[in-house]
Amino acid sequence: MRALVVGLGIQGHKRRRVAGADCVGTVDPVHEEADFRTLESVPLDSYDAALVCTPDDPKFTLLKYLLGNGKHVLVEKPLWFSDEAETDVLAGLAASSGAVCYTAYNHRFEPHFVRMRALITSGALGEIYRCRMFYGNGTARLVRDSAWRDTGAGVLPDLGSHLLDTARFWFGDIADDFRIVSADRFENLAPDHVVIASDGAGPRIELEMSLLSWRNHFTCDVFAELGTAHIESLCKWGPSSFTHRRRVLPSGRPPEEVVTLVQDDPTWEAEYAHFKALCSGQGASNLENDRWLYRSLGRLSSEIQGVG
């Protein structure tokens with residue numbers, strides 16, 4: 001597959017490295033390394049797919065051009081537009097052209113995330129009562145110094161989109177009934193620490209995200225009828241551990257199985273391989289997850305911005 005990287009920021013450089021020999025060119029309006037300044041200046045017959053790593057604002061125009069010309073697209077999350085109807089336009093273009101439109105959520109390929117999903121779907125935990133996740137990094141100052149990042153709902157669409165997508169990856173079509181528990185602006189103009197929760201049917205879910213965790217960290221706890229499951233850290237911040245504890249009745253110390261990984265982050269390569277498989281005909285575009293995330297994040301963002 002001949003791939004074009006559009007946008008040469010941090011993500012663009014990662015995608016170019018992972019694509020390796022597949023990368024036939026790069027596009028960026030200002031980056032001096034880029035081969036082209038505009039997407040339209042790249043000959044259409046020179047590439048099959050594009051890896052779009054740009055800020056949110058130009059995404060719709062870029063994706064409309066690419067899908068309209070039958071080019072497969074991997075686009076960095078979230079698929080965030082000014083109007084939900086724009087998602088319908090892209091879905092229609094992908095369907096009519098046969099091109100794949102895939103929104104990248106690389107954490108779905110984190111080994112312990114895959115392990116958690118398999119454990120939940122196996123039924124070994126029984127009824128799932130509650131899930132809480134924390135995702136934090138220490139990028140508050142970098143975000144504050146970025147004119148386009150320190151705006152709107154801040155950390156919510158950035159890290160919250162990963163957490164919401166992970167909840168759907170594990171639990172399926174969960175309800176869109178999340179509420180804002182807290183939204184703080186400790187160092188930034190936009191919220192830099194947010195907690196949201198869902199109290200509806202199915203597992204109760206609490207998601208906390210922060211730009212103020214000076215050591216990057218992820219934790220997850222799932223409490224269930226027949227045991228609990230826990231994730232500590234990600235491979236990129238390793239070591240990363242997965243713990244499954246089996247309930248002892250009526251009570252007692254549960255036996256536990258622990259898997260600890262010390263390895264480089266495998267998610268980028270795994271996700272790119274998945275995208276290539278989709279492009280080779282092993283899958284089709286499905287933007288329903290993007291629609292759900294758009295509605296949920298849009299509503300929550302409006303609540304945050306509405307209160308100052």
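Reference entry: report on the structure contained in this document. Bear in mind that the values here come from a model prediction, so they are computed numbers and not experimental data.

### Looking at the overall build of the protein chain
Looking only at helices and strands, the protein chain features 8 helices and 13 strands. Taking 19 Å as the expected radius of gyration for a compact globule of 308 residues, we find that the protein chain reaches 20 Å, a close match to that expectation. The proportion of buried residues among the 308 residues of the protein chain is 50%. Long-range contacts, defined as pairs at least 24 residues apart, comprise 64% of the intrachain contacts of the protein chain with a sequence gap of at least 6. For the protein chain, the exposed surface amounts to about 13,900 Å²; the carbon and sulfur share of it is 51%. Within the protein chain, one finds 32 positive and 42 negative side-chain charges whose respective centroids are separated by 4 Å.

### Thoughts on unusual backbone geometry
Between Lys77 and the following residue, Pro78, the backbone shows a cis peptide bond with an omega angle of -15°. Mapped onto the fold, Pro78 is located in the loop between β4 (72-76) and α3 (85-97). Between Leu249 and the following residue, Pro250, the backbone shows a cis peptide bond with an omega angle of 0°. Its location among the elements puts Pro250 in the loop between β12 (240-246) and β13 (256-261). The backbone of Ser233 shows a phi angle near 75°, a positive value even though the residue is not glycine.

### So, the pattern of salt bridges
A complete count under the given rule lists 21 salt bridges for this structure. Asp199 serves as the salt-bridge partner of Arg179, at 2.7 Å between the closest nitrogen and oxygen. Remark: Asp199 occurs in the loop between β8 (193-198) and β9 (204-210) and Arg179 occurs in strand β7 (residues 178-184); sequence separation between them is 20 residues. Arg245 is the partner of Glu256 in a salt bridge, and the nearest nitrogen-oxygen pair spans 2.6 Å. Of this pair, Glu256 sits in strand β13 while Arg245 is found in strand β12, placing the two residues 11 residues apart along the sequence. Looking at Glu256, the relative accessible area reads 43%, which means it is partly exposed. A network of salt bridges, in which partner residues are shared, links Arg15, Glu76 and Glu271.

### Quick notes on the sheet that holds strand β5 (residues 101-104)
Reading across from one edge, β2-β1-β3-β4-β5 is the order of the 5 strands in this open sheet, with parallel pairing throughout. Here the strands that pair on one side only, and so sit at the sheet edges, are β2 (23-27) and β5. Each strand of the sheet is rotated relative to its neighbour by a mean of 20°, with strand direction disregarded. Pairing between strand β1 (residues 3-6) and strand β3 (residues 49-52): 4 bridges, direction parallel. Note that in β3 the partner of Val5 across the bridge is Leu51.

### Some points on the sheet that holds strand β6 (residues 128-136)
Strand order in the open sheet formed by 8 strands is β7-β8-β9-β6-β10-β11-β12-β13, with mixed pairing between adjacent strands. Each of the sheet's edge strands pairs with one partner strand only, and the pair in question is β7 and β13. For this sheet, the mean angle separating the axes of adjacent strands, direction not counted, is 10°. Pairing of β7 with β8, which is carried by 6 bridges, proceeds in the antiparallel orientation. In the strand pairing of β8, Ala183 is matched with Val194. Sheet strands in contact with helix α4 (residues 111-122) are β6, β10 (217-224), β11 (227-232), β12 and β13, and its direction is about 15° off that of β12. Packed on one face of the sheet, helix α6 (residues 155-171) meets β6, β7, β8, β9, β10 and β11 and runs near 150° to β9.

### Some details on the packing of helix α2 (residues 59-68) against α3
The interhelical angle for the contact between α2 and α3, taken along N-to-C directions, is 15°, at an axis separation of 9 Å. With respect to each other, α2 and α3 are oriented roughly parallel. The handedness of the crossing between α2 and α3 comes out as left-handed. Within the contact between the two elements, α2 uses Phe60, Leu63, Lys64, Leu67 and Gly68 and α3 uses Glu86, Val89, Leu90, Leu93, Ala94 and Ser97. Considered class by class, the residues forming the contact of α2 with α3 number 7 nonpolar, 2 polar and 2 charged.

Quick notes on the rules
- Residues numbered from 1 in each chain as written.
- Predicted model: local features only at pLDDT ≥ 70, side-chain atom pairs only at ≥ 80, totals over all residues.
- Heavy atoms only, no water.
- Helix = DSSP H or I, 4+ residues; strand = E, 2+ residues; numbered from the N terminus.
- Rg over C-alpha atoms; globule rule 2.2 N^0.38 Å.
- Buried < 20%, exposed > 50% of the residue type's maximum accessible area, 1.4 Å probe, protein only.
- Contact = heavy atoms within 4.5 Å.
- Areas by Shrake-Rupley, 256 points an atom, 1.4 Å probe, with all protein chains shown as cover.
- Lys, Arg positive; Asp, Glu negative; His and termini not counted.
- Charge placed at Lys NZ, Arg CZ, Asp CG, Glu CD.
- Salt bridge = Lys/Arg side-chain N within 4 Å of Asp/Glu carboxyl O.
- Pairing = 2+ DSSP bridges.
- Axes fitted to C-alpha atoms, helices over the stretch in contact; angles between N-to-C directions.
- Parallel < 35°, antiparallel > 145°, perpendicular 65-115°, else oblique.
- Left-handed = near helix turned anticlockwise from the far one by under 90°.
- Nonpolar A, V, L, I, M, F, W, Y, C, P; charged D, E, K, R; others polar.

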